[in-house]
Amino acid sequence: MEQAALYFATMLTLAGIYAALALGLNLQWGLTGLMNFGGLGFVAMGAYTAALLTAPASPMHLGGFGWPWWVAWPLAALAGAALALPIGAIALRLRADYLAIATIGIAEIVRLAVRNEDWLTGGPLGVPGIPRPFEALGLPWGQFAYLALVAAVVAGLFALAQATARSPFGRALRAVRDDEEAAKAVGKNPARLRLQAFLLGAAFMGLGGAMLAAFFKFMGPEALDPVTTTFLVWVMLIAGGSGNNTGAVLGAVAVWAVWAATDWLAGQLPGELATRAAYVRLFLIGLALQVILLTRPQGLIGERIGQR
């Protein structure tokens, strides 16, 4: 019974972390129309910032300051936004398809940098020994307490995203998304608005990366998979409902539940079949996305003016 409760808490914790990432992407794509396929870069920036600040000292990597999580996590969010600032100042002038290509390239640069800069990130060996909040409580209470912390952070991010969507700033973002020329005609600055939304979404992703690093208690290049940190987040947002914060959270929970269930089922298969099942998982997620786009293109919860 205890093992089942721990497994359930673990899955809910990861779903909460992905909800934070989906909320960040919703600010960029759902609210502003920015096609960011470089989420991995901002997640990595936040994850490594928090890891290097909270992990114990080590000759294998920079940092190891042993700072508390409640100091490191806000700095991880700022690090995600700091990475987005020069990227946004240049790349946001590109058309949507070119912006997608540019952000993919930047994410790959970040991924290769953390893999090869041993003095900074530990290279392939990564940063071990990252403390997880409340782990001193032991199991299962430490895991439950961390789940509660992640839920509280996601609730705060959701409230911030909701306030942003309903504010004059959010309405200006939607105006730029829907008709840039009309927004210019009433005195709005599309470039500045896009940059602000890009920075805010990147900060959400940086904070999600910090929570992910603490959850794994380790951060290395193998933990930064484009499939799970970029592609899966897009599936969550589109499935849940682009432009709707509630849909972003619901999509994260629903898609992660499917992802985790297929992972468990794959583990029950013998030998080589388990390896092949990993590719079937990607196929099934992609197929589910196609079905949603064809039958319900607005997602599980479509965008509603005034009720995001």
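Details of the structure are given in the entry above.
The residue count restarts for each chain, going from 1 along the sequence in the order it is written. A pLDDT threshold of at least 70 governs which residues receive local features in this predicted model, and a stricter bar of 80 or more applies before side-chain atom pairs are shown or counted, although totals over entire chains, interfaces and linings include all residues. Each side-chain value is derived from all of the structure's non-hydrogen atoms; neither hydrogens nor water enter the calculation.

A. Just the overall build of the protein, in detail. Where helices and strands are cited, they refer to DSSP runs of H or I of at least four residues and of E of at least two residues respectively, numbered from the N terminus. Helix and strand content of the protein: 12 helices and two strands. Projected onto the principal axes, the alpha-carbon positions of the protein cover approximately 55 × 45 × 35 Å. Think of it in three bands: with a 1.4 Å probe and only protein chains considered, a residue is buried below 20% of the maximum accessible area for its type, exposed above 50%, and partly exposed in between. Relative to its 308 residues, the protein shows a buried fraction of 49%. What makes two residues a contact is simply this: any of their non-hydrogen atoms within 4.5 Å. Intrachain contacts of the protein at a sequence separation of at least 6 include 79% that bridge at least 24 residues. In this description, accessible areas are obtained by the Shrake-Rupley approach with a 1.4 Å probe, and a residue is regarded as covered only by the protein chains that are shown. Summing over all exposed atoms, the protein offers an accessible surface of approximately 14200 Å²; the carbon and sulfur share of this is 70%. His residues and chain termini do not enter the charge count, which takes Lys and Arg as positive and Asp and Glu as negative. Charge positions come from single atoms, namely NZ of Lys, CZ of Arg, CG of Asp or CD of Glu. In the protein, 19 positive and 15 negative side-chain charges are present, and the distance between their average locations comes to 10 Å.

B. Molecular detail of the side chain of Thr230. Its place among the elements puts Thr230 in helix 10 (residues 226–240). Looking at Thr230, the relative accessible area reads 10%, which means it is buried. With residues up to four places along the chain from it excluded, the contact list for Thr230 reads Phe37, Gly39, Leu40 and Asp225.

C. Layout of the pattern of salt bridges. For this analysis, a salt bridge means a side-chain nitrogen from Lys or Arg found within 4 Å of a carboxyl oxygen belonging to Asp or Glu. For the structure shown, the criterion picks out eight salt bridges. For Glu181, the salt bridge is made with Lys184, and the minimal N-O distance between the two is 3.9 Å. Placement of both Glu181 and Lys184 in helix 8 (residues 180–185) is noted, with a separation of three residues, approximately one turn of the helix. Overall, the relative accessible area of 42% leaves Lys184 in the partly exposed class.

D. View of the packing of aromatic side chains. Aromatic rings from Phe, Tyr and Trp, with only the six-membered ring used for Trp, were paired whenever their centres fell within 6.5 Å, and each pair was classed as stacked if the ring planes differed by under 30 degrees, edge-to-face if by over 60, and tilted otherwise. Tallied over the full model, the rule gives nine aromatic pairs. Each ring, one from Phe37 and one from Trp234, has its centre 4.7 Å from the other, and the planes form 25°; the classification is stacked. With Phe37 in the loop between helix 1 (2–30) and helix 2 (39–54) and Trp234 in helix 10, this residue pair connects regions lying 197 residues apart in the sequence. A relative accessible area of 28% places Phe37 in the partly exposed class. Members of the aromatic cluster, connected to one another through ring pairs, are Trp29, Phe37 and Trp234. Each ring is checked for a lysine NZ or an arginine CZ that lies within 6 Å of its centre and within 35 degrees of its normal; such an atom marks a charge sitting over the ring. The ring of Tyr146 carries Arg132 above its face, with NZ or CZ at 5.9 Å from the centroid.

E. Main features of a nonpolar patch on the surface. Each patch is built from residues lacking any salt bridge and having more than 30% relative accessible area; the joining distance is 9 Å for like charges and 5 Å for nonpolar side chains (Val, Leu, Ile, Met, Phe, Trp, Tyr). On the surface, a cluster of nonpolar side chains totalling about 440 Å² of accessible area is made up of Val280, Phe283, Leu284, Leu287 and Val291. By the secondary structure assignment, Val291 is in helix 12 (residues 271–295). Using a relative accessible area of 43% as the deciding quantity, one classes Val291 as partly exposed.

F. A look at the nonpolar core. Membership of the largest hydrophobic core comes to 84 residues, with the highest contact counts inside it found for Trp73 and Trp256. For this core, the element with the highest residue contribution is helix 9 (residues 190–216), accounting for 14 residues. In plain words, nonpolar cores are sets of buried Ala, Val, Leu, Ile, Met, Phe, Trp, Tyr and Cys residues tied together by side-chain atoms within 4.5 Å.

G. Molecular detail of unusual backbone geometry. Pro140 follows Leu139 through a cis peptide bond whose omega is 5°. Positionally, Pro140 belongs in the loop between strand 1 (127–128) and helix 6 (141–166). In this structure, Lys217 is a non-glycine residue whose phi angle is positive, near 60°.

H. Structural detail: the environment of Leu27. As for its placement among the helices and strands, Leu27 is situated in helix 1. Along the sequence, Leu27 and Thr164 sit 137 residues apart, while their C-alpha atoms lie 8.7 Å from each other. Beyond its immediate sequence surroundings of up to four residues, Leu27 is in contact with Thr32, Thr164, Ala197, Leu200, Gly201 and Phe204.

I. Spotlight on the packing of helix 1 against helix 6. Between helix 1 and helix 6, the least distance of the axes is 9 Å, while the angle of their chain directions is 20°. As the angle between them shows, helix 1 and helix 6 are arranged roughly parallel. The chirality of how helix 1 crosses helix 6 is left-handed. Contacts between helix 1 and helix 6 involve Ala5, Leu6, Ala9, Thr10, Leu12, Thr13, Gly16, Ile17, Ala19, Ala20, Leu23 and Leu27 from the first element and Gln143, Phe144, Tyr146, Leu147, Val150, Val154, Leu157, Phe158, Ala161 and Thr164 from the second. Looking at the contact of helix 1 with helix 6, its residues break down into 17 nonpolar, five polar and no charged. Lines fitted to C-alpha atoms define the axes here, with helix axes fitted over just the stretch in contact, and angles between the N-to-C directions of these axes take values from 0 to 180 degrees. Convention used here: angles under 35 degrees read as roughly parallel, angles over 145 as roughly antiparallel, angles from 65 to 115 as roughly perpendicular, and any remaining angle as oblique. Here a crossing is taken to be left-handed if its near helix is turned anticlockwise relative to the far helix by less than a right angle, and right-handed if that turn runs clockwise. Residues are grouped as follows: Ala, Val, Leu, Ile, Met, Phe, Trp, Tyr, Cys and Pro are nonpolar; Asp, Glu, Lys and Arg are charged; all remaining types, including Gly, are polar.

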